[in-house]
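# Structural overview
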Amino acid sequence: MKHKEELPMTSTRPKRQLLLDFACEEEPPVAEEPLGGQSCAAVVGKPALESATEELMELIVEPDNMERAWKRVRANRGAPGVDGMTIGEFPDYIREHWPRIRQQLLEGTYQPKPVRRKSIPKPDGGQRMLGIPCVLDRVIQQAVLQVLTPIFDPELSESSFGFRPGRSAHGAVKQVRSYIKQGYRYCVDMDLSKFFDRVQHDVLMHRVARKVRDKRLLRLIGCYLRAGVMVDGLVQSTEQGTPQGGPLSPLLANILLDDLDKELERRGLRFARYADDFLILVKRYRSARQVFGSVGRFLTRKLKLVVNRRKSRFGKTDGIEFLGFRLVGKQGEIRLTAKNLAKFKARVREITGRNRGISMERMIGELSRYLRGWTGYFALASAKRIFTRLDAWIRRRVRMCYWKQWRYPRTRIRKLMQLGVDRHTAICHGASRKAYWRMSKTLGGHIGMTKRWLRDQGLVFIRYLWGNLAPLRRTA
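Our subject in this report is the structure included herewith. (Residues numbered from 1 in each chain as written. Predicted model: local features only at pLDDT ≥ 70, side-chain atom pairs only at ≥ 80, totals over all residues. Heavy atoms only, no water.)

If you look at the biggest cluster of nonpolar residues, it comprises 72 residues, and the most contacted ones within it are Leu148, Leu217 and Leu299. In terms of residue count, the dominant contributor to this core is helix α6 (residues 135–152) (11 residues). Here Leu217 is in contact with Leu56, Met57, Ile60, Val144, Leu148 and Val212, once residues within four sequence places are set aside. Residues Tyr179, Ile180, Ile351 and Val460 belong to the second largest nonpolar core, which totals 56 residues. (Core = buried A, V, L, I, M, F, W, Y, C linked by side-chain atoms within 4.5 Å. Buried < 20%, exposed > 50% of the residue type's maximum accessible area, 1.4 Å probe, protein only. Helix = DSSP H or I, 4+ residues; strand = E, 2+ residues; numbered from the N terminus. Contact = heavy atoms within 4.5 Å.)

The subject of this paragraph is a positive patch on the surface. A cluster of basic residues, Arg270, Lys283, Arg284, Arg286 and Arg289, forms a positive patch at the surface. Of note, Lys283 is situated in the loop between β7 (277–282) and α12 (285–301). Classification of Lys283 as partly exposed rests on a relative accessible area of 48%. (Patch = residues over 30% accessible without salt bridge, like charges linked within 9 Å, V, L, I, M, F, W, Y side chains within 5 Å. Areas by Shrake-Rupley, 256 points an atom, 1.4 Å probe, with all protein chains shown as cover. Salt bridge = Lys/Arg side-chain N within 4 Å of Asp/Glu carboxyl O. Lys, Arg positive; Asp, Glu negative; His and termini not counted. Charge placed at Lys NZ, Arg CZ, Asp CG, Glu CD.)

Reading across the sheet, the 4 strands line up as β6-β7-β3-β8 and stay open at both edges, with antiparallel pairing between neighbours. Two strands bound the open sheet, and with one partner strand each, they are β6 (270–274) and β8 (313–316). Neighbouring strand axes in the sheet, compared pairwise and without regard to direction, differ in orientation by 20° on average. Bridge count for strand β3 (residues 186–190) against β8 is 4 bridges, and the pairing is antiparallel. Across the sheet, Cys187 pairs through a bridge with Gly315, a residue of β8. Here helix α7 (residues 169–181) sits on the sheet in contact with β6 and β7, set at roughly 165° to β6. Here helix α11 (residues 249–266) sits on the sheet in contact with β6 and β7, set at roughly 170° to β6. (Pairing = 2+ DSSP bridges. Axes fitted to C-alpha atoms, helices over the stretch in contact; angles between N-to-C directions.)

Empty space left among the atoms is revealed by rolling a probe the size of a water molecule over them. Under the criterion given, the structure shown has 3 cavities of 30 Å³ or more. Approximately 120 Å³ is the volume attributed to the largest cavity. Taken together, 16 residues form the lining of the largest cavity, with Gln141, Tyr224, Leu225, Pro243 and Ser249 sitting closest to its centre. Taken together, the elements giving at least two residues each to the lining of the largest cavity come down to α6, α10 (215–225) and α11. (1 Å grid on protein atoms, 1.4 Å probe; cavity = no way out; pocket = protein on both sides within 12 Å on 5 of 7 lines; lining within 4 Å. Points joined across faces, edges and corners; volume = space filled by probe spheres on them.)

The alternating pattern of strand β11 (residues 333–336) places Ile334 and Leu336 on a buried face and Glu333 and Arg335 on a face that is not buried. Relative to β11, strand β10 (residues 325–328) runs antiparallel, the two sharing 4 bridges. Looking across to β11, one finds that Phe325 is bridged to Leu336.

Moving on: the packing of aromatic side chains. Tallied over the entire structure, the rule returns 19 aromatic pairs. Centroid distance Tyr186 to Tyr285: 6.2 Å. Interplanar angle 75°. Geometry classified as edge-to-face. Here Tyr186 is found in strand β3, whereas its partner Tyr285 is found in helix α12, with 99 residues between them in sequence. Judged by relative accessible area, which is 42%, Tyr285 ranks as partly exposed. An angle of 20° between the planes, with centres 5.8 Å apart, marks the rings of Phe344 and Tyr370 as stacked. (Phe/Tyr/Trp six-rings, centres within 6.5 Å; stacked < 30°, edge-to-face > 60°.)

This brings us to the sheet that holds β10. Pairing within the open sheet is antiparallel, and its 3 strands lie in the order β9-β10-β11. In this open sheet, the two edge strands, each paired with only one partner strand, are β9 (320–322) and β11. In this sheet, neighbouring strand axes are inclined to one another by 35° on average, regardless of whether the strands run parallel or antiparallel. Pairing between β9 and β10: 3 bridges, direction antiparallel. The residue of β10 that forms the bridge with Phe322 is Phe325. Strands β9, β10 and β11 of the sheet are contacted by α7, whose axis makes an angle of about 10° with β10.

The following block contains the structure:
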């Protein structure tokens, strides 16, 4: 057994002052600073980590690891937990209390606070329950994640794409498409009912303990699972589930479902999984029916999970929906789903609502940020015509907002003339009593509020964003 001083993880703190000083004693400086974004294991190396799995808590509370965890939590922002502490208030708190918290972590006596329950409506009408930990627990969970990821991630399945370094939902969709092209035209789409709320703690902890020997860390993870949730001011115990909202939950989900991945690989099945969403692809209908039954039994008996029989199905891949995309035809052409298009339009209507009472500059900035994020994900779809139509609709929404803001005929006439509209046309349109949406499509609006002018105001066009992301589609 190595002593703490002999652990391979040595301090890599630069000489400059860190944002938060997590160190409790002076440590010798080193000549070189690691590359930004490296985890503890990236500096140490996988073999060293495996040899120290009984002393992982020392790596977790190491100053550089905690500093990286804080930076990540701060970048993600997020709402306060049950203690009401915000991201901005955390630095002052941790500078004063970190020595005590660090000691509790090393002794295995730290007790997390309950999470704050928040429900988010789902497209199917249900509710998704999120658990928001307090800022301190988010930082500690992130620090644990940074140490555990290099231990568990390398041995996870190549067909697992959710919440893993260098992997994304796009990779899962591309893999499904490649299998369809190879002739796997039938699939099993299994839906796990409230997966994160129904994970059995003993089943999960048994799988974590396969590689983690540090009893303090095992106890800490167990405490996070059993910390409880606060609902209407009352703390309710959590006998099962791993609350969505904490940094550690996605890794724990992958650890549990890795047994499913290994079982499917053992059977020689083609599949792609992103967290609890997965598709299994086969060549014959009879095989799909058999796999549907056997995998369902494995999930319920071995992993103690609940399969939603109403949403689960097996059949042809033509038209199957996966991770927000729809795959069509023998080549698995990737398209947008009608449900996601409806959600997109609803969000744009919300941002461009006429009665929000905010400046156009702020509204366009908020809208453009949303458009960049949405297009960055859905640019994988072959949908040039749809993106072009959506662009025209968005521009009309923005023109309508300008027309509403200008409000008075005199203001509208003046603004149109400033935009280059001749006086007669400006007066005809500025004095019109037609509705805002009708006027947003008029000749005066198009002459004055041109595409170039809207772009100069900061509006982005998703058709151009989609075109710039063509390399993403070429590799699909």
